[in-house]
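Residue strings, one per chain:
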Amino acid sequence: MSHYTRSILGTILIVVIAICSSFLIGRWTESIGRIDTTAEQLYSLSDGSKQIIDGLQKPLTLQLYYSKSVVDKTGQSQLQQLNNLYYYVRDLLHSYSRYGGAKITVEEFDPVAFSEAEEEADRLGLLRYQTGSQDGFYFGLGVTGEGGESEKVAAFDMRRQSQIEYQISEAIEQATTRDKTKIGVLSSMDVIGTMDPMMRQMMQMQGRPVSQPWGTFEALQKRYEVVQVEATATEIDGTLDYLMVVHPKDLGEETMYAIDQFVMRGGKLICFVDPYAPIADPAPQQNQMMGMQQPSHDSSSDLSRLLNAYGVKMEADRFAGDFDLMRQVRGQRGPENLVGYLALNQPGENGPKGVNTDDPVTQGLSEVLQVYFAGVLERNPESASEVEFTPLLTTTSEGNSFTVDRAMLSSPMGPMPSQVNKAFSPGAVPVTIAARVTGTLSSAFPDGAPESPESDAETADSENGESPEEDSGETPEEGSHLAATREANSIVVVADVDMICDAMSFQRFMGQLMKTSGNFEFVFNVVDNLAGSSALMSIRSRGNFDRPFTVVADIERKADLRVQGKIDEINDEIQGFETQLSSLRSQANEENVSVLESAAIDNKRELERKIRDKRRELNEAQRTRNEEIDRLGGWLRFLNVVGVPGAVLLIGLVLWLIRLSNRAAVTGGAR
């Protein structure tokens, strides 16, 4: 056998051995674990998932349904994109199985038409998508136990990649949890949909406005027991684990006292108040359609009587603003940035912007949070409560509070961004939008319960000479009124109600709630954190598949700010011109009308010249912006296309030179 033939056979044997070794090593390591080299450990279970698995008393079966044959058959690009997500879900489920051992069994099914797998997927309630043929498309998970208990993830969604581990662990926990946490909701609006469905349908047929349940509370109901607490309640059920007070308006003294004593007894309070909530609490629709102002409609809310006593202060008519976090709205002149509409949790050089990354409630939130003209919270120095004030959501250090004329906000066409933005000046210290207060809380009613209308009537009768009923001599039940909490308690206050309404949190797709922001994720984290349970919360705080280019985003943001400034400048010039023309017309009479018209024409020509110059500057700024981004993109493409192959070539060249040097040394030594 020639030397050349031996070389070829040796190469083939090496390749075969390498393939077989890779297969055997892969099969062996499958049973003992894997090394997760992803940046945020996307394929490793979080401590929360492990804690849930450790608490399982009975084994569970995780049944993954994915219509892979349908994807391969149809070849639709949208379905093909789901393959990568399917591989991720499958590998993550195997991580559950490896950690759980005998507690977790993973099964995979391809539910083709008329198969038992399809029947089981329908029985579990998995979402079925039509594909244009008799085959339906499924991509969901069923969780079943030995006792027949079951739970499901109806469908995995590309838009919720960062929430997949949470969805799986939530289904596992719900399949084994019997008692649900009980949350009471007290609001001046019907936010949980208590209206009778028949009545709602009749009102819709009559064209009358109907309050729909908010998606935030609809989603909470899937995990917790959510009950309504009337806004006129005089006592709060002591069996509640939490009380959520949402947009409280004109609450009576007795209701506030009931809330206060619930907190004093150790109840957990989550409070959403707002100095201006036009999205959650808009003016009556008929007046908006007619372009009428509605001065009598007040969309603000507060609970200052209680919060001030607990150590939190929110001033009316003061809003949180930040040029660095503002988002666009559809203004009268097209899309415009609005300083009161903020997007928190954007990536920044030092981490996410506007969230407390050291607190478990906001640590690792995966999506942007939206707030709209949120209020500003401060620690109340006059409070008797000994509390720790922990900001959860804030502006950046360049944010500030500002006031603005309500007429600019409540116009029929919506807020006027150019005018609102002028009312804002950047600051040097972040302002707080949401905070947690922890410590010994003092009652807002230090002298006891407020007098009820009945007691007022008795006082009036006694003043009229009528004797009240004799005292029975019984002493009140000890501890019926608490002047302070017996031990440290926690409450969470959020100075924005709009953030939890549907327009800022969800959209509905085929009957399913789809998140449009991380607002609900924040609410869920708050609920779990106040419970003292970090299991599910730590799962929600997972990394995202998305890897945004923060440098590109920063270039775009700065360029947009420059462009917006020039647009405002041009619009101001136009407005000044119109004001000048109006002044000239008011001075016109039969004698000087021709002179004034000539002056107006000259003014118009001069202004048109200025506008052309400004537009040239505007185009130059936009061109500079695009050039900066294009240069950065070209550099990244160069690194990808040339850099990596060049690095491999360089390594090969170095190895070749080393080998050549070694050969030369050996040859020289032989001589």
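Quick caveat, the model's predicted, so the values are computed rather than measured.

Asker: Now, about the overall build of the chain: what can you tell me, with residues and values included?
Answerer: Counting its secondary structure elements, the chain contains 20 helices and 22 strands. Across the chain, the fraction of contacts at a sequence separation of at least 24, relative to all contacts at a separation of at least 6, is 77%. Split by element, the accessible area of the chain, about 36,400 Å² in all, is 52% carbon and sulfur.

Asker: Got a sec to walk through the pairing of strand E10 (residues 268-272)? Specific residues and values, please.
Answerer: Along E10, 4 of the 5 residues are buried, which leaves the element largely enclosed by surrounding structure. As paired elements, strand E9 (residues 242-246) and E10 share 5 bridges and run parallel to each other. Counted as the bridge partner of Met244 is Ile270 from E10. Once the chain exits E9 it traverses helix H10 (residues 253-264) before rejoining the sheet at E10, and the crossover so formed is right-handed. Summarising the sheet, E10 and strand E20 (residues 489-494) pair through 4 bridges and their orientation is parallel. Counterpart to Leu269 in the pairing with E20 is Ile491.

Asker: How would you sum up a nonpolar patch on the surface? Please name residues and give values.
Answerer: A contiguous nonpolar surface patch, about 870 Å² in accessible area, is contributed by Leu650, Ile651, Leu653, Val654, Leu655, Trp656, Leu657, Ile658 and Leu660. Along the polypeptide, Leu660 turns up in helix H20 (residues 593-670). Accessibility expressed as a relative area gives 40% for Leu660, which makes it partly exposed.

Asker: Break down the packing of helix H2 (residues 47-54) against helix H5 (residues 82-100) for me, citing the residues and quoting the values.
Answerer: At a closest axis distance of 10 Å, the pairing of H2 and H5 adopts a crossing angle of 50°. Judged by the inter-axis angle, H2 sits oblique to H5. The way H2 lies across H5 gives a crossing that is right-handed. Across from Ser49, Lys50, Ile53 and Asp54 in H2, the residues of H5 making contact are Tyr96, Tyr99 and Gly100.

Asker: Hey, could you go over the sheet that holds strand E2 (residues 104-109) for me, with residue numbers and the actual values?
Answerer: One open sheet accounts for 4 strands, arranged E2-E1-E5-E6; its pairing is mixed. This sheet does not close on itself; its edge strands, each paired only once, are E2 and strand E6 (150-153). Averaged over all pairs of adjacent strands, the angle between their axes in this sheet comes to 20°, without regard to strand direction. Relative to strand E5 (residues 139-145), strand E1 (residues 60-66) runs antiparallel, the two being bridged by 7 bridges. Of the residues in E5, the one forming a bridge with Leu60 is Gly145. The strands that helix H6 (residues 116-124) touches are E1, E2, E5 and E6; relative to E1, the one it contacts most, it runs at about 110°.

Asker: I'd love a proper account of H2, names of residues and values included.
Answerer: Restricting attention to buried positions, one finds in H2 the residues Gly48, Ser49, Ile52 and Ile53. Burial along H2 is one-sided: seen end-on, the buried residues are contained in an arc of 135°.

Asker: Break down the packing of H5 against helix H7 (residues 164-176) for me, citing the residues and quoting the values.
Answerer: Contact geometry for H5 and H7: axes closest at 11 Å, N-to-C directions at 45°. Relative to H7, H5 is oriented oblique. Crossing hand, H5 versus H7: right-handed. From H5, Leu85, Tyr88, Val89, Leu92, Leu93 and Tyr96 reach across to H7, where they touch Ile164, Glu165, Ile168, Ser169 and Ile172. In the contact of H5 with H7, the residues fall into 9 nonpolar, 1 polar and 1 charged.

Asker: With reference to specific residues and values, describe the nonpolar core.
Answerer: Counting 65 residues, the largest nonpolar core has Trp214, Phe217 and Phe522 as the members making the most contacts within it. The element that contributes the greatest number of residues to this core is helix H17 (residues 519-530), accounting for 7 residues. In this structure, Phe522 is in contact with Val361, Thr362, Leu365, Leu369, Leu393, Ala434, Val494 and Met499, ignoring residues within four places of it in sequence. In terms of nonpolar packing, the next biggest core, distinct from the first, is built from 37 residues, Leu186, Met264, Leu303 and Leu441 among them.

Asker: How would you explain the packing of aromatic side chains if you had to name every residue and give the values?
Answerer: A full pass over the atoms with the stated rule returns 21 aromatic pairs. Both rings, one in Tyr257 and one in Phe445, keep their centres 5.3 Å apart while their planes meet at 90°; by these two values the pair is edge-to-face. With a gap of 188 residues between them, Tyr257 in helix H10 and Phe445 in the loop between strand E19 (432-440) and helix H15 (453-463) connect regions that are remote in the sequence. For the residue pair Tyr257 and Phe445, the accessibility class agrees, reading buried in each case. Both rings, one in Tyr372 and one in Phe373, keep their centres 5.0 Å apart while their planes meet at 75°; by these two values the pair is edge-to-face. Here Tyr372 falls in the buried class, since its relative accessible area comes to 8%. Members of the aromatic cluster, connected to one another through ring pairs, are Tyr276, Phe319, Phe323, Tyr341, Tyr372, Phe373, Phe402 and Phe424. Over the aromatic face of Phe445 sits the side chain of Arg305, whose NZ or CZ is 4.2 Å from the ring centroid.

Asker: Residues and numbers for H5, please.
Answerer: In an α-helix there are 3.6 residues to a turn, and that puts residues three or four apart on one side. Under the 1.5 Å per step criterion, the end-to-end length of H5 is 27 Å for 19 residues, consistent within 8% with the ideal 27 Å. Taken together, the buried positions of H5 are occupied by Leu82, Asn83, Leu85, Tyr86, Tyr88, Val89, Asp91, Leu92, Leu93, Ser95, Tyr96 and Gly100. The first or second residue beyond H5 is Gly101, which carries a positive phi of 60°.

Asker: So what about the environment of Val404? Which residues, and what values?
Answerer: Position of Val404 relative to the elements: it lies in the loop between strand E18 (400-402) and helix H13 (406-409). Counting along the chain gives 18 residues from Val404 to Lys422, while the straight-line C-alpha distance between them is 9.3 Å. For Val404, the residues in contact, after removing those within four places along its chain, are Phe319, Leu409, Val420 and Ala423.

Asker: I'd like a rundown of the environment of Met514, residues and numbers included.
Answerer: Structurally, the position occupied by Met514 is in strand E22 (residues 512-515). Between the C-alpha atom of Met514 and that of Asp157, which follows or precedes it by 357 residues, the distance is 9.0 Å.

Asker: How would you explain the pattern of salt bridges if you had to name every residue and give the values?
Answerer: Here the structure, examined in full by the defined rule, presents 11 salt bridges. Here Glu118 makes a salt bridge to Arg128, at a shortest N to O gap of 2.9 Å. With Glu118 in helix H6 and Arg128 in the loop between H6 and strand E3 (129-130), this residue pair connects regions lying 10 residues apart in the sequence. Using a relative accessible area of 9% as the deciding quantity, one classes Glu118 as buried. Relative accessible area serves as the criterion here: at 27%, Arg128 is assigned to the partly exposed category. Taking the shortest distance from any N to any O, the salt bridge between Lys182 and Asp237 comes out at 3.4 Å. Taken together, the positions of Lys182 in strand E7 (residues 182-187) and Asp237 in the loop between strand E8 (225-229) and E9 put the pair 55 residues apart, joining distant regions of the chain.

Asker: Residues and numbers for the side chain of Asp359, please.
Answerer: Residue position: Asp359 is located in the loop between strand E14 (334-344) and strand E15 (369-372). A relative accessible area of 4% means that Asp359 is categorised as buried. Within the local environment of Asp359, its side chain forms a polar contact with the side chain of Arg436, the two groups lying 2.4 Å apart. Contact partners of Asp359, with chain neighbours within four places excluded, come to Thr390, Leu392 and Arg436.

About the criteria used
Residues numbered from 1 in each chain as written. Predicted model: local features only at pLDDT ≥ 70, side-chain atom pairs only at ≥ 80, totals over all residues. Heavy atoms only, no water. Helix = DSSP H or I, 4+ residues; strand = E, 2+ residues; numbered from the N terminus. Contact = heavy atoms within 4.5 Å. Areas by Shrake-Rupley, 256 points an atom, 1.4 Å probe, with all protein chains shown as cover. Buried < 20%, exposed > 50% of the residue type's maximum accessible area, 1.4 Å probe, protein only. Pairing = 2+ DSSP bridges. Right-handed = clockwise from strand over helix to strand, strands pointing away. Patch = residues over 30% accessible without salt bridge, like charges linked within 9 Å, V, L, I, M, F, W, Y side chains within 5 Å. Salt bridge = Lys/Arg side-chain N within 4 Å of Asp/Glu carboxyl O. Axes fitted to C-alpha atoms, helices over the stretch in contact; angles between N-to-C directions. Parallel < 35°, antiparallel > 145°, perpendicular 65-115°, else oblique. Left-handed = near helix turned anticlockwise from the far one by under 90°. Arc of directions from axis to C-beta. Nonpolar A, V, L, I, M, F, W, Y, C, P; charged D, E, K, R; others polar. Core = buried A, V, L, I, M, F, W, Y, C linked by side-chain atoms within 4.5 Å. Phe/Tyr/Trp six-rings, centres within 6.5 Å; stacked < 30°, edge-to-face > 60°. Lys NZ or Arg CZ within 6 Å of the ring centre and 35° of its normal. Expected span 1.5 Å × (residues − 1). Polar contact = N/O pair within 3.5 Å; in protein donor to acceptor, adjacent residues only side chain to side chain.

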